[in-house]
Amino acid sequence: MNSAEQLRAVEDAPNLTRAASAGERVLGAVSALALFGVLAAAAAIEIPVTVGCVVLLLALVLVLRWRWFHLRAPSRRPHTKVEEGVSFLGPVSLAIPALGLLWNNPVELPGALVAGAVPTAVFAGYLALRWRR
């Protein structure tokens, strides 16, 4: 390679410090609010077990979809060990609202808010860690 080709190769190399766009941040905030609202509402009211399973499945898809998006997004840095740990805790924290949803056991409003807040806080923490740079 001559020097001009080398310079073009360097210019075409991916930039791993690309920040999240405003649209991505808005969509992340809307996703976190939707996750909280749906989990808290589902935990507070009496719903059939099949609907509870669908709610948990959709919440799991939402959390995992954001992780897959960040793993496959071009020009993004790799996950750190902390981000990997927090992204693992996201699906695991869904066990808190699952306790009530899978056994059709609605809880009082404060308990439902906590059941929705814990997975949402883990999810929001993951997004904040990914967007910090």
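All values reported here derive from a predicted model rather than from experimental measurement. In every chain, residue numbers begin from 1 and rise along the written sequence. With the structure being a predicted model, the display of local features is reserved for residues of pLDDT at least 70 and the display and counting of side-chain atom pairs for 80 or more, all residues being used for whole-chain, interface and lining totals. The basis for every side-chain value is the complete set of non-hydrogen atoms in the structure, without hydrogens or water.

Student: For this particular structure, what's the right way to read the overall build of the protein?
Tutor: Tallying secondary structure elements over the protein gives 6 helices and 0 strands in all. Beginning at the N terminus, the succession of helices and strands in the protein can be written as α-α-α-α-α-α. Here the protein has a C-alpha radius of gyration of 19 Å; the compact-globule value for 133 residues is 14 Å, and the former is much larger. When checking whether two residues touch, look at their non-hydrogen atoms; a contact exists if any pair is within 4.5 Å. Restricting to contacts in the protein with at least 6 residues of sequence separation, those with at least 24 account for 86%. Working note: accessible area of the protein is about 8000 Å², and carbon and sulfur atoms make up 71% of it. Across the protein, the 12 positively charged side chains and the 8 negatively charged ones have centroids separated by 5 Å. Secondary structure follows DSSP: runs of H or I at least 4 residues long count as helices, runs of E at least 2 residues long count as strands, and numbering of each begins at the N terminus. Atoms counted for the radius of gyration: C-alpha only. Globule rule: 2.2 Å times residue count to the power 0.38. For accessible areas, the Shrake-Rupley method is used with a probe of radius 1.4 Å. Any residue's cover is judged against the shown protein chains and nothing else. When charges are counted, Lys and Arg contribute as positive and Asp and Glu as negative, whereas His and the chain ends are disregarded. The atom standing in for a charge is NZ when the residue is Lys, CZ when it is Arg, CG when it is Asp and CD when it is Glu.

Student: Just to check I follow, could you spell out the side chain of His70 for this structure?
Tutor: Examined against the element boundaries, His70 turns out to sit in helix α3 (residues 49-72). Remark: exposure states derive from per-residue accessible area (1.4 Å probe, protein chains only) relative to the maximum for the residue type, with buried under 20%, exposed over 50%, and partly exposed in between. When its relative accessible area of 2% is taken as the criterion, His70 is described as buried.

Student: Looking at this structure, I do not really get a nonpolar patch on the surface. What am I missing?
Tutor: Every patch collects residues that have over 30% relative accessible area and no salt bridge, joining them within 9 Å if they carry like charges and within 5 Å if they are nonpolar side chains (Val, Leu, Ile, Met, Phe, Trp, Tyr). The working definition used for a salt bridge is a side-chain nitrogen of Lys or Arg within 4 Å of a carboxyl oxygen of Asp or Glu. On the surface, Phe88, Leu89 and Val92 cluster together to form a nonpolar patch covering roughly 300 Å² of accessible area. By the element assignment, Val92 lies in helix α4 (residues 81-93).

Student: It is not clear to me how the environment of Ala32 should be interpreted in this structure. Could you clarify?
Tutor: Relative to the assigned elements, Ala32 resides in helix α2 (residues 22-44). Put simply, Ala32 and Ala117 are 85 residues apart on the chain and 9.7 Å apart in space, counted from C-alpha to C-alpha. Contact partners of Ala32, with chain neighbours within four places excluded, come to Thr120 and Phe123.

Student: Would you mind showing me how to read the pattern of salt bridges here?
Tutor: Where charged atoms from two side chains of opposite charge approach closely, those side chains can pair. For the structure shown, the criterion picks out 2 salt bridges. Between Glu84 and Arg67 there is a salt bridge whose closest N-O contact spans 3.1 Å. With Glu84 in helix α4 and Arg67 in helix α3, this residue pair connects regions lying 17 residues apart in the sequence. A residue is classified by how much of its surface remains accessible, and Arg67, at 19% relative accessible area, is buried. A salt bridge links Glu83 to Arg130, with the shortest nitrogen-to-oxygen separation between them at 2.9 Å. Linking Glu83 in helix α4 with Arg130 in helix α6 (residues 109-131), this pair joins segments that are 47 residues apart in sequence. Here Glu83 falls in the buried class, since its relative accessible area comes to 0%.

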